[in-house]
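# Analysis of the macromolecular model
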Amino acid sequence: MGFFSAIKKMFGGAEQADATAPQDEAAAKAAAESGAQAGAESIAEAAAPDTALAAQPLVVSPADEALTLRLRGAEPKLSVWLGIVLEGVDEAGDLLWQRLFFLLRALDAPEAEAQNFVREFQAWLTRMDYRQVEEFRSELQYRLALALDMEDEEDERNRLFLKISQGLSRTREQFAKGLDALFAGHGELNDAFWEELEELFIMADLGYEPSIELVERLKERARKEKVTESAKVRELLMAEVEEIFRAPRRIAAVNPPEVVLMIGVNGVGKTTTIAKLAHRDRMQGKKVMIAAADTFRAAAIEQLQVWAGRVGALFHARTAGSDPAAVAYEAMDRALQEGVDVLYVDTAGRLQTKVNLMEELTKIRQVLGKKHAGAPHRTILVIDATTGQNALSQTKLFKEAAGIDELIITKLDGTAKGGVAIAVAMQHHLPITYVGLGEVMEDLRPFSGEDYARALLGVSAEA
Ligand SMILES: Nc1nc2c(ncn2[C@@H]2O[C@H](COP(=O)(O)OP(=O)(O)OP(=O)(O)O)[C@@H](O)[C@H]2O)c(=O)[nH]1
Ligand SMILES: [Mg+2]
């Protein structure tokens, strides 16, 4: 999508906005007017009567005009715009829908997409039973950022940094404090300093070998950059951690449907992470299918079905106890026939039957690839940060048996073991693509090594 260029044009630099304003406004108005009529019928049949959207007739009232002027004069940030349109709106209702349409139109969103966005948001509010703006404002902003493709913008990046920073607060507390004490206790770099640093890494759950390796890398960096004071090591560490997370680029091109295989031991968050990823895709207008190739428990299949329903994804399953590879095969077939953009395949995570589990994964991979060349395009290992060192052996095991393209680290919120991300990335040279920072949809966020390094070391965000 990418409406951001349009947004910048409309609300951005004053001179430019003035020069382009008349055309933009006229075009937006014309688009909104023609869309409002076309949209009215589809809404009438799709929405329940009590939540029917009033397709706005776009009579420019003085209030709308005032709102337009304020948006134009505002700092070009989604949070600021949202703040303006939500002024005086305390709960879900006609005024909220009206204002949301206003914002989406002002941001040049095609009418059908605006209608769809509001309708889906209403359905979500009903399901969650939320009424007060306070309860859903954050989710609303998250959805807008995804739908408008604004996640890379400064505003969202700051929000993300804040989230990572909050999530890592317990890890940081332990780590940054230790670093401060270490720097205070040593002026010049010497063996005692490096030994203490190594201990600190081990305590932050980096693991024995990775800790030794990291200290070696820092020594090398200090030598190259001719650093002799301990106080400078914080900067070296920041640069090194960023470097560790700089994973080699992979070919992103896929022949649709893109197939994502989710693997990991039980309880790490595979199923909820699929739901969160599917939600992101749906917000970006993709057609998604989720396959329940975890056929171990009936409850697991039901859990996935509920999630698929919530995020608006197609769902494919068989009864509990069925062959997981057969489920994957059928889902692949359906995904191809129904023109799905992304197919997520959930798998079971029992490690106690290690050999079987790995054989099962191999079989799933084979049937997917047989039906659709190149599939699975992404095999994602989900690891739970709270398991600490265990994450390292899990990664090794799955890498050898099934192959891994990406890592997602969940439950970074509230753990003091966040250092494990560094250890895994360093030992296995795998990209971390997302991190889980809580249980709700917006808590799955793209991973940024730079933000992670800053958050861990207690350095504030830079744009
Ligand atoms: N705090 C927190 N909880 C999370 C996060 N991700 C997942 N969870 C929770 O972890 C629990 C297990 O998640 P599931 O998605 O069922 O895990 P799974 O890997 O599918 O588990 P099995 O199907 O049993 O193998 C759920 O209660 C989730 O809400 C996260 O990032 N933070
Ligand atoms: Mg599961």
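Rules behind the numbers
- Chains are numbered independently. Their residues run from 1 in the order of the written sequence.
- Written order decides the labels, with chains lettered from A and ligands numbered from 1.
- Where local features are concerned, this predicted model is filtered to residues with pLDDT of at least 70; where side-chain atom pairs are given and counted, the filter is 80 or more; whole-chain, interface and lining totals use all residues.
- A fitted line through C-alpha atoms represents every axis, and for helices the fit uses only the stretch in contact; the resulting angles, taken between N-to-C directions, go from 0 to 180 degrees.
- What counts as a helix is a DSSP run of H or I of at least four residues, what counts as a strand is a run of E of at least two, and both are numbered from the N terminus.
- Contact between two residues is assigned when their C-beta atoms, built from the backbone, lie within 7 Å.
- Throughout, the ten residues Ala, Val, Leu, Ile, Met, Phe, Trp, Tyr, Cys and Pro are labelled nonpolar, Asp, Glu, Lys and Arg are labelled charged, and all others, Gly among them, are labelled polar.
- Partly exposed residues are those whose C-beta has more than 12 but fewer than 20 other C-beta atoms within 10 Å; with 20 or more the residue is buried, with 12 or fewer it is exposed, and the C-beta atoms are placed from the backbone.
- Any two strands between which DSSP finds at least two bridges are classified as paired.
- For a helix, the expected span equals 1.5 Å multiplied by the residue count minus one.
- Crossings are sorted by hand: turned counterclockwise from the far helix by less than a right angle, the near helix makes the crossing left-handed, and turned clockwise it makes it right-handed.
- Near, for a residue, is defined by distance from a backbone-placed C-beta atom to a molecule or strand, with 6 Å as the limit that must not be exceeded.
- The term nonpolar core refers to a group of buried residues, namely Ala, Val, Leu, Ile, Met, Phe, Trp, Tyr and Cys, whose C-beta atoms join them within 7 Å.

## Focus: the packing of helix 9 (residues 169-185) against helix 19 (residues 449-457)
At a minimum axis separation of 7 Å, helix 9 and helix 19 run at an interaxial angle of 65°. Facing helix 9, whose interface residues are Thr171, Arg172, Phe175 and Ala176, helix 19 presents Ala455, Leu456 and Leu457. Each residue belonging to the contact of helix 9 with helix 19 can be placed in one class, and the counts come to five nonpolar, one polar and one charged.

## Some details on the pairing of strand 5 (residues 378-384)
For strand 5, the tally of buried residues reaches six of seven residues, placing the bulk of the element in the interior. Looking at chain direction, strand 1 (residues 258-263) and strand 5 are connected through four bridges and run parallel. Paired with isoleucine 263 across the two strands is leucine 381, which belongs to strand 5. Where strand 5 meets strand 6 (residues 406-410), five bridges bridge the pair, whose relative direction is parallel. Looking across to strand 6, one finds that isoleucine 380 is bridged to glutamate 406.

## A look at helix 15 (residues 324-337)
For an α-helix the count is 3.6 residues per turn, leaving residues at separations of three or four pointing the same way. Counted at 1.5 Å a residue, the expected span for helix 15 with its 14 residues is 20 Å, and the 20 Å between its end C-alpha atoms agrees. Of all the residues in helix 15, the buried ones are Pro324, Ala325, Val327, Ala328, Tyr329, Ala331, Met332 and Ala335.

## A short note on the sheet that holds strand 6
Backbone hydrogen bonds hold the strands of a sheet together, and the pairing may be parallel or antiparallel. The strand order across the open sheet formed by eight strands is 3-2-4-1-5-6-7-8, and the pairing between neighbours is mixed. The open sheet has two edge strands, strand 3 (314-316) and strand 8 (444-446), and neither has a second partner. Direction aside, the axes of adjacent strands within the sheet are offset by 25° on average. Each of strand 2 (288-293), strand 3 and strand 4 (342-347) touches helix 15; the most contacted strand, strand 2, lies at about 165° to it.

## Structural notes on the packing of helix 5 (residues 94-106) against helix 6 (residues 111-128)
Remark: helix 5 packs on helix 6, axes separated minimally by 10 Å, with the N-to-C direction vectors making an angle of 145°. Between helix 5 and helix 6 the crossing geometry is right-handed. Facing Trp97, Leu100, Phe101, Leu104 and Arg105 of helix 5, the residues of helix 6 in contact are Ala114, Phe117 and Val118.

## Some remarks on the site of ligand 1
In the region of ligand 1, 19 residues are neighbours, and Asn266, Gly269, Thr271, Gly349 and Gly436 sit closest. Considering each element in turn, the shell around ligand 1 owes the most residues, three residues, to helix 13 (residues 270-283). Residues that form the shell around ligand 1 fall into these classes: three nonpolar, ten polar and six charged.

## Some details on the nonpolar core
Nonpolar side chains in soluble globular proteins tend to end up buried together. With 93 residues, the main nonpolar core has Ile290, Ala291, Ala328, Leu343, Tyr344 and Val345 as its most contacted residues. When residues no more than four places from it in sequence are discounted, the contact partners of alanine 291 are His316, Val327, Ala328, Ala331, Leu343, Tyr344, Val345 and Asp346. Leu78, Leu96, Ala106 and Phe117 belong to the second largest nonpolar core, which has 26 residues in total.

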